[in-house]
Amino acid sequence: MKQPNSTPTTDLMLRETASQTAGPYVHIGLALSIAGLPPRQEEIWNRMATPEADGQPIEVVGSVIDGNGDLVRDTFIEAWQADAHGEYQCDFDLEKPFNSFGRSATTVESGGEWSLTTVKPGIVNAANGKPMAPHINLAVFARGINMQLNTRMYFEDEAEANAACPILNAVESESRRRTLIARREESEDGKVRYRFDIRLRGEGETVFFDF
């Protein structure tokens, strides 16, 4: 007869369940159309600004790349940014011209790219009074990532603001800082587009923040 508490701890440990991993389950609850489910009547998705919003309309596109250099086609992205005046809008309403929060995802159908339709954010004043360069905060979810990865996207045509940004320059290595800079492109319809590819591991790995 076994004595109390004689069972090895390893035998008592429960295995990881599906609810403890980010993907693909996150798509079922938060990216319904991509998961093949009917969308909700009011869905938070990748359109963060309408043509009526103040500021310069932009499109942001990018891919997520793993340590082998392959596209991760089931990533879920959440974005949080200030408006064109550097102010965050905390009350989400689909009727508003601009919302600070948005979501996107990479899929096979989209060529493995995620995208946002928004406006270029303004300079944000930090709590210490030092201005932060225009940026978009991004959280990355994917299968195999139990805690989201947090990063920031800055703009290559904001060199002066980038040089003074206390958060960007907290990254000491210049080559590592470059992983946070989005490249400006012109889309076929003449709109301003910024490309920001996220590398999860390996050479050129994107800087992730412990917020």
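Residues numbered from 1 in each chain as written. Predicted model: local features only at pLDDT ≥ 70, side-chain atom pairs only at ≥ 80, totals over all residues. Heavy atoms only, no water.

Draft legend 1. Representation of the confidence of the model for the protein in the model. Overall, the prediction assigns the protein a mean pLDDT of 88, with 88% of residues at 70 or greater. Ranking the helices and strands of the protein by mean pLDDT puts strand β11 (residues 198–199) first, with 98, and helix α1 (residues 9–12) last, with 60. (pLDDT = per-residue confidence, 0-100. Helix = DSSP H or I, 4+ residues; strand = E, 2+ residues; numbered from the N terminus.)

Draft legend 2. Up close: the pattern of salt bridges. All chains considered together, the criterion is met by 14 salt bridges. A salt bridge links Arg-103 to Glu-78; its shortest N-O distance comes to 3.0 Å. One end of the pair, Arg-103, is in strand β3 (residues 101–105); the other, Glu-78, is in strand β2 (residues 76–81), and 25 residues separate them in sequence. Between Glu-185 and Arg-193 there is a salt bridge, with the nearest N and O atoms lying 3.9 Å from each other. (Salt bridge = Lys/Arg side-chain N within 4 Å of Asp/Glu carboxyl O.)

Draft legend 3. Representation of the side chain of Asn-137 within the structure. Residue position: Asn-137 is located in strand β7 (residues 135–141). Side chain to side chain, Asn-137 and Tyr-88 meet in a polar contact 3.1 Å long. Setting aside chain neighbours within four positions, we find Asn-137 in contact with Glu-78, Ala-79, Trp-80, Tyr-88, Thr-151 and Arg-152. (Polar contact = N/O pair within 3.5 Å; in protein donor to acceptor, adjacent residues only side chain to side chain. Contact = heavy atoms within 4.5 Å.)

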